[in-house]
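Notes for the structure review
Letter by letter, the chains look like this.
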Amino acid sequence: MRMHRTVMGTTITAGLLFLAACGGNSDSGSTSGSGSTTGGVSGKKFVLMVGVKGDPFYVSMECGAKEKAKALGVNLQVQGPDKFDATLQNPLLDAVGAAKPAALLVAPNDVKASATPLKRIQDAGSKVVLVDTTVTDTTIGASRIATDNKLGGAKAAEALNTLMNGAKGKVLVISTDPGVSSVDARVAGFEEAVKTKYPNFTLAAATQYSHNSPQEAAKIVQAELQRTPDLVGVFATNLFSAQGTSTGIRAAGKGGKVKVVGFDAGPDQIKQLQAGDVQALVAQKPYDIGVQGVEQAANALEGKPVQASIATESLIVTKDNINDPAVNKYIYKDKC
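Residues numbered from 1 in each chain as written. Predicted model: local features only at pLDDT ≥ 70, side-chain atom pairs only at ≥ 80, totals over all residues. Heavy atoms only, no water.

The strands making up a sheet associate through hydrogen bonds between their backbones, and the pairing can be parallel or antiparallel. An order of 2-1-3-4-5-12 is seen for the 6 strands of this open sheet, with the pairing classed as parallel. Where the open sheet ends on each side, the last strands, each with one partner, are strand 2 (75-79) and strand 12 (309-312). Pairwise comparison of adjacent strand axes, ignoring direction, gives a mean angle of 15 degrees for this sheet. Relative to strand 3 (residues 103-106), strand 1 (residues 45-49) runs parallel, the two sharing 4 bridges. Bridging across to strand 3, Phe 46 finds its partner in Ala 103. Packing of helix 2 (residues 56-72) onto the sheet brings it into contact with strand 1, strand 2 and strand 4 (127-131), and relative to strand 2 it is tilted by some 165 degrees. Where helix 3 (residues 86-99) meets the sheet, it contacts strand 1, strand 2 and strand 3, and its direction lies at approximately 175 degrees from that of strand 1. (Pairing = 2+ DSSP bridges. Helix = DSSP H or I, 4+ residues; strand = E, 2+ residues; numbered from the N terminus. Axes fitted to C-alpha atoms, helices over the stretch in contact; angles between N-to-C directions. Contact = heavy atoms within 4.5 Å.)

Under the definition given, this model contains 1 disulfide. Two residues share a disulfide in this structure: Cys 63 and Cys 336, whose sulfurs sit 2.0 Å from each other. The disulfide joining Cys 63 to Cys 336 has a torsion of about -110 degrees about its S-S bond and is therefore left-handed. Note that Cys 63 is positioned in helix 2 and Cys 336 in the segment after helix 11 (325-328), a separation of 273 residues in sequence. Classification of Cys 63 as buried rests on a relative accessible area of 1%. (Disulfide = S-S within 2.5 Å. Buried < 20%, exposed > 50% of the residue type's maximum accessible area, 1.4 Å probe, protein only.)

By the element assignment, Phe 190 lies in helix 6 (residues 181-196). Counting along the chain gives 35 residues from Phe 190 to Lys 155, while the straight-line C-alpha distance between them is 7.5 Å. In this structure, Phe 190 is in contact with Gly 153, Ala 154, Ala 156, Ala 157, Leu 160, Val 171, Val 173, Leu 203 and Phe 235, ignoring residues within four places of it in sequence.

All right, on to the pairing of strand 5 (residues 143-147) then. Burial analysis of strand 5 places 5 of its 5 residues in the buried class, which makes it a mostly covered element. As paired elements, strand 4 and strand 5 share 3 bridges and run parallel to each other. Across the sheet, Val 131 pairs through a bridge with Ile 145, a residue of strand 5. Two strands pair when backbone bridges link them, and strand 5 and strand 12 are joined in this way by 4 bridges, in the parallel orientation. For Arg 144, the partnering residue across the bridge sits in strand 12 and is Ser 309.

And the structure:
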């Protein structure tokens, strides 16, 4: 999630992602081996339902999905709610179901609340592929494609440990809302890594939730700094949590002293990094998720082998490595 993000957990240089979106190859776009010969789906209607409109993570995913759809001759429509909220997304899903597309690629907004409309769509004959986020009902989805968000959370702990040079201190997690699979996994990965790999860190408190509000995140971190003067780091699981966290840290006069690791690498996150408001980011590979989502949906429709689960990787981005081509190509885009 992106989330979002939120999330907010499943590609490519400023120049390279553009090239990929306009005809280049993703570095994992051929995972399933379906290539561009899937003529059996030419002309069929696919829908990509993103988690929230306009989020660079989902825009990058859209770019990958559109490129693969073009190669296969698929008619791809992209929709999404204005906020990452199941009460807004579910009516859109109901409308999609009524239109009976051949396939639906979807980033569900809630692990439970999204399941009912998705089950109806799947039972009506559309192939459903879950991208980025999932639902708890394991019968839903021919394929599930997402970042290994638990590993991403562990990488956030690794980045924080590197920033602190292994020093001791207390750390805090500020997330969005419970019940979003991608960010829940990030939190779990971070907390597990702190407890098992980085004994120099102690969790200052239970995970705090900002409800995607920078203002709430700022309040949370300011209150925690009062309670915990030896707080040394914060893992903010999405853009808005990181925005508020950095604001709260500056207001408390702790800028630069309390390290912040964010998640995702959209334009706003990169601005935060370059401004020194966050010191490291965990970047996902949404372009690849879009490519693979269309591939797996096409394979399902043609009766070809489908990968039930695909976990894409993530990497740590800092000021020191952002200009490395191997890192810079994973910065997200706000348009294809």
